[in-house]
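# Secondary and tertiary structure notes
Next come the chains, spelled out residue by residue.
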Amino acid sequence: MSAYGTTKLSVNLNKVALLRNQRDVGYPDPVAAGRTILKAGAHGLTVHPRPDERHIRKSDVHAIAEMLEAGGWKRRGIEFNIEGNPFEDYMDLVAAVRPEQATLVPDSPEAATSDNGWDVFAEADRLADRIAALHDAGARVSLFMNAEEDAAKADDVMAKAAELGADRVELYTGPYAHAFESLKRDAVLGTYVRTAEAAVKAGLLVNAGHDLTTENVAPLMNALPRLDEVSIGHAFTSDALWMGFEGAVRAYLDALGARPATSKRVA
């Protein structure tokens, strides 16, 4: 657990949906998986619907939202996070579902995965417009961002993100994960520390995601000035093949030093 409090675990259900979509038999069901994951103590669920619906479908997003409402999960502090590039279909989906958090990523529709953060200066007008609309829909907004090597640039970038109306940033942790077993680990980790410090200075909360595991998440959490939430999907689902969903939730909560969410009721 970080000095300022608990880092929350939001589990990304995309890989469950991807497996479901390989066969036209309807399972594994992302809704049932989400329910099991929450019962085990996760603090939230994340989805990243893409235009081609190759994993999470729009119908899944609505079904997960209905499960959360019917089970009373949201009243107990469980959060729903919807990621995506804020094209019109994404904006319409968020307005209909009204998640607690909208995480904006600059992916093209053809991108295999999220692998780069926003240029908040080049996209300023569009982002300001979208962030305001998402706030009107009741969602807080997190921007998917790269870690910056230069402290002055990090300050400028995070100040701009705050100026545009963002509530949080999600640090893209792919480079950190890839360097974790190498001699570059400390240098790369330093870029995340500087960027998180700049975010805190700008009044932003800090999330993180991409290729985080039970091994590398704690060193990241302990190094940053704050880490409010991690979103983990690929490694979590991989671990669940051996541990089961309940065991994987416990393993990640242990790595974060976090208590399970207090919710008990399952719809």
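For the structure, see preceding data.
First things first, this report covers the structure right here in the doc. Keep in mind it's a predicted model, so treat the numbers as computed, not measured.

## Remarks on the environment of Ser-238
Here Ser-238 lies in helix α10 (residues 234–256). Under the relative-accessibility criterion, Ser-238 is labelled partly exposed at 27%.

## A few points about the pattern of salt bridges
Taken as a whole and assessed by the stated rule, the structure comprises 12 salt bridges. Of the charged contacts in the structure, one is a salt bridge between Arg-140 and Glu-229, with a shortest N-O distance of 3.9 Å. Residue Arg-140 is located in strand β5 (residues 140–145), and its partner Glu-229 is located in strand β8 (residues 229–232); the two are separated by 89 residues in the primary sequence. Each member of the pair, Arg-140 as well as Glu-229, carries the same accessibility label: buried. Where Lys-153 meets Glu-148, a salt bridge forms, and the shortest distance between an N and an O atom there is 3.6 Å.

## Topic: a nonpolar patch on the surface
A cluster of nonpolar side chains, Leu-241, Trp-242 and Met-243, forms an exposed patch at the surface whose accessible area comes to about 440 Å². Among the secondary structure elements, Leu-241 is positioned in helix α10. A residue is classified by how much of its surface remains accessible, and Leu-241, at 67% relative accessible area, is exposed.

Cut-offs applied
Residues numbered from 1 in each chain as written. Predicted model: local features only at pLDDT ≥ 70, side-chain atom pairs only at ≥ 80, totals over all residues. Heavy atoms only, no water. Helix = DSSP H or I, 4+ residues; strand = E, 2+ residues; numbered from the N terminus. Buried < 20%, exposed > 50% of the residue type's maximum accessible area, 1.4 Å probe, protein only. Salt bridge = Lys/Arg side-chain N within 4 Å of Asp/Glu carboxyl O. Patch = residues over 30% accessible without salt bridge, like charges linked within 9 Å, V, L, I, M, F, W, Y side chains within 5 Å. Areas by Shrake-Rupley, 256 points an atom, 1.4 Å probe, with all protein chains shown as cover.

Geometric values such as these leave the question of function open.
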